[in-house]
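So the chains spell out like this:
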Amino acid sequence: MTELNQELEKLDLKKSSKGSLSQSEHAKDQRSLATSNEHVGMHSSHIQPTEDIFNANDPRLKEDVIAIILQYLQDEGYHLSHSVLYDETNVKWKEREERTLEIKRLKKSILDGDWPEVEKLCTKPLVKNHRSFLYSVYKQQYLEYLEKREIQKAFTFLNKRLKPLEHFQTKPNEFKDMCYLLTAKSIHEAPSFKHWEGIMASRESLVDQLNTILEFETADRAGNRHIPPDRLLTLLRQAVAYQIEFSRYHPKIAPTVNTLLDDYSGFVIPNAVRATLKGHQGNVKCIEFIGEEGKKVVSGSSDNTLRLWETETGRCLDVFESHRSRIWDLSSTRQGDFVASASGDATVKIWNLKSKKAVSTLTGHSGDVYSVKYHPDENHLVTGGYDKTVRLFDVNTGSIVKTFPGHQLAVTKTIFNPLGNLIISSSKDNTIKFWDIVSGLCIRTISSHLGEVTSVEMNASGTLLLSSSKDNSNRLWDVRMVRPIRKLKGHQNTSKNFIRSSFASHQLIVGGSEDGIVYIWDQETGEVLQKLRGHSGVVYDVAWNPKQGMLASCSDDQTAKIWWYDDKVPLDV
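The structure displayed is predicted, hence computed values, not measured ones. (Residues numbered from 1 in each chain as written. Predicted model: local features only at pLDDT ≥ 70, side-chain atom pairs only at ≥ 80, totals over all residues. Heavy atoms only, no water.)

Examining helix 4 (residues 59-75)
Between the first and last C-alpha of helix 4 there are 24 Å, a value that for 17 residues agrees with the 24 Å anticipated at 1.5 Å per step. Looking only at helix 4, the buried set comprises A67, I68, L70, Q71 and L73. Each element contacted by the buried residues of helix 4 is listed here: helix 5 (79-88) and helix 12 (231-245). G77 sits one or two positions beyond helix 4 and adopts a positive phi of about 85 degrees. (Helix = DSSP H or I, 4+ residues; strand = E, 2+ residues; numbered from the N terminus. Expected span 1.5 Å × (residues − 1). Buried < 20%, exposed > 50% of the residue type's maximum accessible area, 1.4 Å probe, protein only. Contact = heavy atoms within 4.5 Å.)

Quick word on the packing of aromatic side chains
Inspection of every chain in the model, using the stated rule, returns 8 aromatic pairs. Judged by centre distance (5.7 Å) and plane angle (65 degrees), the ring pair of Y145 and F157 falls under edge-to-face. Of the two residues, Y145 is situated in helix 8 (residues 131-147) and F157 in helix 9 (residues 151-162); the sequence distance between them amounts to 12 residues. In this structure Y145 comes out as partly exposed when scored by relative accessible area, which is 23%. Exposure remark for F157: the relative accessible area of 10% places this residue in the buried category. Between Y370 and F498, the ring centres sit 4.9 Å apart and the planes meet at 90 degrees, which makes this aromatic pair edge-to-face. Residue Y370 is found in strand 10 (residues 369-374), and its partner F498 is found in the loop between strand 21 (483-488) and strand 22 (501-504); the two are separated by 128 residues along the sequence. Considered together, Y370 and F498 belong to a single accessibility category, that of buried residues. Aromatic rings pair up to connect Y138, Y145 and F157 into one cluster. Lying over the aromatic face of Y540, K285 brings its terminal NZ or CZ to 4.5 Å of the ring centre. Lying over the aromatic face of F434, R444 brings its terminal NZ or CZ to 5.3 Å of the ring centre. (Phe/Tyr/Trp six-rings, centres within 6.5 Å; stacked < 30°, edge-to-face > 60°. Lys NZ or Arg CZ within 6 Å of the ring centre and 35° of its normal.)

Here's the deal with the UniProt feature "repeat: WD" (unreviewed entry) in the chain
Under the feature "repeat: WD" (unreviewed entry), the UniProt entry names residues 277-319, 320-361, 362-403, 404-445, 446-487, 488-531 and 532-563. Annotated as 0% helix and 62% strand, the span residues 532-563 places its first and last C-alpha atoms 8 Å apart. (UniProt positions renumbered as here; feature names shortened; annotations may be inferred.)

Topic: the sheet that holds strand 3 (residues 296-301)
Strand order in the open sheet made by the 4 strands is 2-3-4-5, with antiparallel pairing throughout. Because the sheet does not close on itself, it has two edges, and the strands there are strand 2 (284-289) and strand 5 (316-321). This sheet shows a mean twist of 20 degrees between the axes of neighbouring strands, independent of strand direction. Across 5 bridges, the pairing between strand 2 and strand 3 is antiparallel. Bridge pairing in strand 3 links V284 to S301. (Pairing = 2+ DSSP bridges. Axes fitted to C-alpha atoms, helices over the stretch in contact; angles between N-to-C directions.)

Points about the nonpolar core
Counting 36 residues, the largest nonpolar core has L106, F133 and Y142 as the members making the most contacts within it. At the level of secondary structure, the elements contributing two or more residues to this core comprise helix 6 (93-112), helix 7 (115-121), helix 8, helix 9, helix 10 (174-180) and helix 11 (199-220). The element that contributes the greatest number of residues to this core is helix 8, accounting for 8 residues. (Core = buried A, V, L, I, M, F, W, Y, C linked by side-chain atoms within 4.5 Å.)

The following block contains the structure:
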């Protein structure tokens, strides 16, 4: 971490006092930072868009990226992949091999004193433009003529070869001393050559000089410049260090990052109410953070409205009125520009949050629509409801693409797997079904619950399934083996309400309960880690946003709440 911190200091991003701040003080400091960063084009995640830093289409930068990848493949021993990539980037192996052979031949010729061959190779692109090296080669030949007392050859060589390159002499009087050597008895008599080590030692020194030239020449070649060791890993460490430094909850001890597929987000278990969202005139059935950034949160209520709230302050920004019955479920796009709402009026409405209008109404269900979820491609929605069917809608046309019949009672929740090729649905008939989107067939049914299944959720990798049921348990399933892993208990879920649960960051599971408490479980052990008290009625739904490090919950008490970490408040288990 030392070199990373140094890098941050160079960027003037670190604050020396930050390490001594409490979590809540640092969070306040980061919120101020986030506000100021909005004026310089930074996201709320505090990571500046790369297009503001460099142009990713710059050919030179593209070459850099390829070079760094090549280095990593070479270092890790992926030689075949390295060769293929090297070839695909139009760097011809033949040219490199010829160059390597020429270098070997030149070195051997110098050591063997084969000067005609040396001069021939010096006309190649290899060292053609390195006139100073050519001067050193000629100087070596000249001194060897003198050493062998071939004075006439030396004199001719001096005038023909060395005189034109006189300005490349390495010492002020070197050429003058070479002229003097024509009449001297020994090479050591000239001041510039008093340390002359003899023919073989000088040839070896000339080879060393060649190696040095080649190193610099290789570093200067376009597309084949010198790359610092472990460049890819260094850049990744710097990127993660930057994310850590500007996370909402700054760690007091440097954390261990186990994945590079997601941005680092400082995590602590929420333990206090950040804001209470008041305004709904009926119980609040569902809640969701808007988009990946989670700066806003939307709630749906039995008062037939959706409300949009500011996450940080809890202020109500907009009220969306158009449904003729209660709102059961919500789903938003990744960018947070559209929200879909499922209602008891048998419709799903798609809202444009910028224009604050419903841009589409999807019909087809014959009864309450209990669930709605965007497909990963965001061009489709899956819904489920009282009419026992699962339906796939085309968002752009509003038409029903496919209907999936098979449940014996109302469908309570519908989701997609991360790949988007399966629909998973839960039902009041105590089952969970897996549907193949292409064929429309039910390919798997889980019927182990002893009560109505009120919700299903899948983790980001698609390996685990979480279900909530009126048998008073949340269950974790291994999707590949279709077997239960563990039960999560402690909450209450037995009444007519839809109590839902979901995955949260860092191996946690969060969920509502009839006792008005938000429960947080450890995914690995099934133990209750935290109980969040504050609602005075049934908690129906809980949502987690990693970018904000906050939980949102909604309740029968007509409120929603935002929860965060306050280091002054102890954990409640």
